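# Observations on the three-dimensional arrangement
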Amino acid sequence: MRTTDQLHFASLSLTGARTRTLLMLLAMSVGVASVIILTALGEGARRYVVDEFAQLGTHLLIMLPGRSETTGGAPPLFGATPRDLTLADAQALLREPSIVKVAPLSVGNAPVSYGSREREVTVIGATADFFPIRHIRLGSGQPLPLIDPERTLNVAVIGAELRQELFGSQATLGKWIRINDRRFRVIGIISESGESLGQDLGDMAVIPVASAQALFNAPSLFRVLIQARSEGDIKRAERAARDIIRARHDGEDDVTIIAQDALLSTFDDILRALTFTVGGIGAISLAVAGILIMNIMLVAVSQRVSEIGLLKALGAPERRVLRLFLIESVLLAGAGALLGVLLSFLVILGLGHAFPSFPITAPLWAPLAAVGVALFTGLLFGVLPARRAARLDPVRALTGR
Amino acid sequence: MIELSDISRSFAVGDEVVHALDRVTLTIPDGDYVSVMGPSGSGKSTLLNALGLLDRPDDGSYRLNDVETTQLAEEHRAALRRDHIGFIFQAFHLIPRLSAADNIGLPMILAGIDPKERRTRIDEVLAALDLSERANHRPDQLSGGQRQRVAIGRAIVMRPDLLLADEPTGNLDQHAGGEVIALLEKLNASGITLIIVTHDPDIGSRANRRIRMVDGRIESDQTDAHD
């Protein structure tokens, strides 16, 4: 029997039992679609997190004053140590060749006002390097000038939202705003690049770090952002930074250093595992579809007993009958799988439109694996009905006994 | 040439063992026209199934065209059925989703014959059976007589040398039944061996060799003298 004839015969059997075939296709396509959509969601979550971390800066180490003990607990948010992390400490870090940029930060909340308008925002004391380290772009104006970090200077770079609140449609660059009781000249505006891990870049003001320390009367730094020269230098930079601070702090190891990339790769691993897990959960529905195929094919065999007897009488050996029924289940599974891929792409497209900020895309392997599993399921669960058909006694089959 | 010797076949029905064929010995030369009659349960259908290689006897020897068939593998028996034997059933057994032409072509599809060759042979058979007009009709669009003619077409499309008909007129009215018998006799006249199992004495008596079975044995075997 020719392959094309086998396919033709099997597809005629399927179109002959229309309702049954449609139901089967529905079950299979829902199974395949759920695998693809779930993995796409998982993959989307992974990319979302990776993108967020990338926005935060690359090859980044974050140094916090205070030491979390090995017994656990979250790193202290504010200095819980007798020794301050000072600007001089931060500057000292630059002596290490594997460290290319350092941004000491002093952070506080303060009312910012212009004329009669006032708004309480986060004020960040930083240096010029803060902008490139955190990948912050300016919409207009200048970043903080490259000055000695110990120097105060009454200039500010403000977020787009803050600008809107204070100035509305007025020109802003060069105007003097008031932060607490001091006056600062606006020299730059941060472009509207959205949020970065929950921190709204639009609603803040950045001023020179020494000015912020004076403003908040806080000699200790809140954080020091350290940028390593390259991916491979992160470990070395971390060790060196710790050594330098220990030497400056009378041999006391009193800072916490978080490696951004390590955090990122952990998240990446976790989310990848999550993607596989949800994909696996989706695969359960594929197995259910497979069992449905078996069920439907068993019904088909018992409904077509006399036809099977006839095929045998006309000279079809057992393995031919077996193959015809297997082809039928695989065709069923395959067509269902293709429909499922189509369905999932439509849903993903729809989700992409509904949530444009969430990067939902199915990884290439998902549809391939889903279709593969579907075909395999069709084959696997087709075997039992096909064998039952092949083993039918033609005499009994023809007489309906 | 069909040679049966001491063929036995028994079935277990509940606790009892029924001897459907009890040491049947029978020789049928090529081109013969045989009717097999007898009461229900006399073993005439079992005999037909054994002759058609659908059923395997428990004991005895069956030589078809000088091939001993009882020891053959199922695969080989299927090939013999395909190439040498045509079946005609009381219930027609047409595949409902296939057209008349496709039903007739089915054995050739199973045999893997080239589609072009299939087309010509189907057309020949349709013409010979006066069914050319109905080629694209499905079985449910055909009358009983037409359905049985399609089934006969399917039985002869592989050019067998043996036709086995099990109550071929059982589901037909008098007129359609007469036509079907006439068609079968015409095929027999062209040289095909024809064996008909029937209840109907009118049909059974038309054959030039008449076998009567009772309890799995041949009770009588009459042959008209050839002219």
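Residues numbered from 1 in each chain as written. Chains lettered and ligands numbered in written order. Predicted model: local features only at pLDDT ≥ 70, side-chain atom pairs only at ≥ 80, totals over all residues. Heavy atoms only, no water.

### Looking at the domain arrangement of chain A
Taken domain by domain, chain A comprises domain 1 (3–53 + 265–399) and domain 2 (82–253). Taking the mean C-alpha position of each, domain 1 of chain A and domain 2 of chain A sit 56 Å from one another. (Domains from an automatic or database assignment.)

### Describing the environment of L351 of chain A
Mapped onto the fold, L351 of chain A is located in helix α10 (residues 318–354). Residues L351 of chain A and R236 of chain A, spaced 115 residues apart in sequence, show a C-alpha to C-alpha distance of 43 Å. (Helix = DSSP H or I, 4+ residues; strand = E, 2+ residues; numbered from the N terminus.)

### With respect to the pairing of strand β7 (residues 162–166) of chain B
Residues and elements named next belong to chain B. In terms of residue burial, β7 counts as a mostly covered element, since five of its five residues are buried. Here β7 shows no split at all, with L162, L164 and D166 on one side and L163 and A165 on the other all buried. When β7 meets strand β8 (residues 193–197), the two strands line up parallel, connected through five bridges. In the strand pairing of β8, D166 is matched with V197. (Buried < 20%, exposed > 50% of the residue type's maximum accessible area, 1.4 Å probe, protein only. Pairing = 2+ DSSP bridges.)

### Things to note about the pattern of salt bridges
What the rule picks out here adds up to 39 salt bridges over all chains. Residue R47 of chain A pairs with E43 of chain A through a salt bridge whose shortest N-O separation is 3.6 Å. You can see R47 of chain A and its partner E43 of chain A sitting in helix α2 (residues 18–56), four residues apart, about one turn around the helix. For R47 of chain A, a relative accessible area of 34% corresponds to the partly exposed category. Notably, a salt bridge pairs R97 of chain B with E307 of chain A, separated by 2.8 Å at the nearest N-O pair. One end of the pair, R97 of chain B, is in the loop between β6 (85–88) and α3 (100–111); the other, E307 of chain A, is in helix α9 (residues 305–313), on a second chain. For the residue pair R97 of chain B and E307 of chain A, the accessibility class agrees, reading buried in each case. A single network of salt bridges, built from pairs that share partners, joins E43, R46, R47, D268 and R272 of chain A. (Salt bridge = Lys/Arg side-chain N within 4 Å of Asp/Glu carboxyl O.)

### Remarks on the packing of aromatic side chains
Given two aromatic rings, their pairing is described by the distance between the two centres and the angle made by the two planes. Applying the stated criterion to the full structure yields five aromatic pairs over all chains. When the ring of Y114 of chain A is compared with that of F167 of chain A, the centres are 4.2 Å apart and the planes differ by 40°; the resulting orientation is tilted. In this pair, Y114 of chain A sits in strand β2 (residues 99–114) while F167 of chain A sits in helix α5 (residues 160–167), placing the two residues 53 residues apart along the sequence. This pair shows no difference in class: Y114 of chain A is buried, exactly as F167 of chain A is. Here F87 of chain B and F89 of chain B contribute two aromatic rings whose centre-to-centre distance is 5.9 Å and whose plane-to-plane angle is 5°, an arrangement assigned as stacked. Its relative accessible area of 9% is what places F89 of chain B among the buried residues. When the ring centre of F222 of chain A is taken as origin, the NZ or CZ atom of R223 of chain A, which lies over that ring, is 4.2 Å away. The ring of F9 of chain A has R97 of chain B sitting right over it, with the charged end atom 5.5 Å from the ring centre. (Phe/Tyr/Trp six-rings, centres within 6.5 Å; stacked < 30°, edge-to-face > 60°. Lys NZ or Arg CZ within 6 Å of the ring centre and 35° of its normal.)

### Observations regarding the side chain of S13 of chain A
Within the secondary structure, S13 of chain A is located in helix α1 (residues 3–16). At 2.9 Å, the side chain of S13 of chain A forms a polar contact with the backbone oxygen of F9 of chain A. In this structure the side chain of S13 of chain A is engaged in a polar contact, spanning 3.5 Å, whose partner is the side chain of R304 of chain A. With near-sequence residues (within four places) excluded, S13 of chain A lies in contact with R304 and E328 of chain A together with R97 of chain B. (Polar contact = N/O pair within 3.5 Å; in protein donor to acceptor, adjacent residues only side chain to side chain. Contact = heavy atoms within 4.5 Å.)

### Describing empty space enclosed by the protein
In this structure the tally under the stated criterion is three cavities of 30 Å³ or more. Computed from the structure, the largest cavity encloses a volume of approximately 70 Å³. If you go around the largest cavity, the residues you meet are A313 and L314 of chain A together with R81, R82, I85, G86, F87, P107, R154, A155 and M158 of chain B. Per-element accounting of the lining of the largest cavity gives the leading share, three residues, to β6 of chain B. Among the residues forming the lining of the largest cavity, the class breakdown is seven nonpolar, one polar and three charged. (1 Å grid on protein atoms, 1.4 Å probe; cavity = no way out; pocket = protein on both sides within 12 Å on 5 of 7 lines; lining within 4 Å. Points joined across faces, edges and corners; volume = space filled by probe spheres on them. Nonpolar A, V, L, I, M, F, W, Y, C, P; charged D, E, K, R; others polar.)

### Overview of the side chain of D22 of chain B
Residues and elements named next belong to chain B. Looking at the secondary structure, you find D22 in strand β2 (residues 16–28). A relative accessible area of 14% places D22 in the buried class. If near-sequence neighbours (up to four positions away) are discounted, D22 is found in contact with I7, S8, D215, G216 and R217.

### Thoughts on the interface of chain B and chain A
Where interface size is given, it is often the accessible area lost as the parts come together that is meant. With 24 residues of chain B in contact, the opposing surface of chain A contributes 24 residues. Across the chain B/chain A interface, buried area totals approximately 2,200 Å², and carbon plus sulfur atoms make up 63% of it. Contact with chain A buries surface across chain B, with H93, R97 and L110 of chain B losing the most and accounting together for 31% of the total. The interface formed by chain B and chain A holds four salt bridges in total. A salt bridge links R319 of chain A to E75 of chain B; the nearest nitrogen and oxygen atoms lie 2.6 Å apart. Counting across the interface, chain B meets chain A through seven residue pairs in polar contact (both at pLDDT 80 or more). Among the secondary structure elements, those contributing two or more residues to the side of chain B that touches chain A are α2 (74–84), α3 and α4 (115–128) of chain B. In terms of residue count, α3 of chain B provides more of the side of chain B that touches chain A than any other element does, five residues in total. (Buried area = accessible area lost by both parts, 1.4 Å probe.)

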